[in-house]
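# A look at the structure
One-letter residues, chain by chain:
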Amino acid sequence: MLTALYDGNCLVCRSTCEALRALDWLKRIHFVDLHDGGDFRRRHPELTRERLMSEIHVINAAGELYAGFAGTRRMLKELPLGFLLWLLLQLPGADVIGKRLYRYIARRRYRINALLGSELPECAEGGCRMLR
């Protein structure tokens, strides 16, 4: 079982989690909105708000932490239809390209939300400046 900590205020993040949830036929991933709190902070005090807001974090049953692209790739391994994509992402060079692409999207996700017509009021007022 994996626990995925995501930004529930982000349309891109929520949509991605919904797609993964739909493919998670075996119910191996538990999705937690980082804004809802939870006991993950007690077990992982290194997960500051800034760190959590910068990228998805995935925790396995042993307590190992995977962040960003590594977390996304780790979730794919648990999905029956995602396993083939996970295998492709093991190829040489996939890690470098995947990390860059993930960071590019993660840093601009609130801009993407705005393009999709779903900008949060606090972001429109500059409250999400660190993510822009």
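Residues numbered from 1 in each chain as written. Predicted model: local features only at pLDDT ≥ 70, side-chain atom pairs only at ≥ 80, totals over all residues. Heavy atoms only, no water.

A tally of regular secondary structure across the chain gives eight helices and four strands. What you see in the chain, going N to C, is helices and strands ordered as β-α-β-α-α-β-β-α-α-α-α-α. Buried positions account for 39% of the 132 residues belonging to the chain. Sequence-distant contacts, at least 24 apart, represent 58% of the contacts inside the chain between residues at least 6 apart. Accessible surface computed for the chain: about 7,800 Å², of which carbon and sulfur atoms make up 58%. (Helix = DSSP H or I, 4+ residues; strand = E, 2+ residues; numbered from the N terminus. Buried < 20%, exposed > 50% of the residue type's maximum accessible area, 1.4 Å probe, protein only. Contact = heavy atoms within 4.5 Å. Areas by Shrake-Rupley, 256 points an atom, 1.4 Å probe, with all protein chains shown as cover.)

Contact geometry of helix 4 (residues 69-78) with helix 6 (residues 94-107) gives a least axis separation of 9 Å together with a crossing angle of 115°. When the axes of helix 4 and helix 6 are compared, the pair comes out roughly perpendicular. The residues of helix 6 that touch helix 4, namely those facing Phe-69, Thr-72 and Arg-73, are Ala-94, Asp-95, Gly-98, Lys-99 and Tyr-102. (Axes fitted to C-alpha atoms, helices over the stretch in contact; angles between N-to-C directions. Parallel < 35°, antiparallel > 145°, perpendicular 65-115°, else oblique.)

What follows concerns the confidence of the model for the chain. Scored by pLDDT, the chain has a mean of 85; 87% of the residues are at 70 or more. The weakest mean pLDDT in the chain belongs to helix 8 (residues 121-124) at 48; the strongest belongs to helix 4 at 96. Between residues 124-132, whose pLDDT stays under 50, and residues either more than four places distant or in other chains, the model counts 17 contacts. (pLDDT = per-residue confidence, 0-100.)

Tracing the backbone through its elements, the reader meets Asp-33 in strand 2 (residues 29-33). Only 3.1 Å separates the side chain of Asp-33 from the backbone nitrogen of Gly-8, close enough to count as a polar contact. If we ignore the near neighbours within four places in the chain, the residues touching Asp-33 are Tyr-6, Asp-7 and Gly-8. (Polar contact = N/O pair within 3.5 Å; in protein donor to acceptor, adjacent residues only side chain to side chain.)

With that settled, the discussion passes to the layout of surface pockets. Considered as a void within the structure, the largest pocket measures approximately 560 Å³ in volume. Lining the largest pocket are 27 residues, with Thr-16, Ile-56, Thr-72, Tyr-102 and Ile-105 positioned closest to its centre. Where the lining of the largest pocket is concerned, the elements lending two or more residues are strand 1 (2-6), helix 1 (11-23), helix 3 (49-54), helix 4 and helix 6. Looking at the lining of the largest pocket residue by residue, the class counts come to 19 nonpolar, four polar and four charged. (1 Å grid on protein atoms, 1.4 Å probe; cavity = no way out; pocket = protein on both sides within 12 Å on 5 of 7 lines; lining within 4 Å. Points joined across faces, edges and corners; volume = space filled by probe spheres on them. Nonpolar A, V, L, I, M, F, W, Y, C, P; charged D, E, K, R; others polar.)

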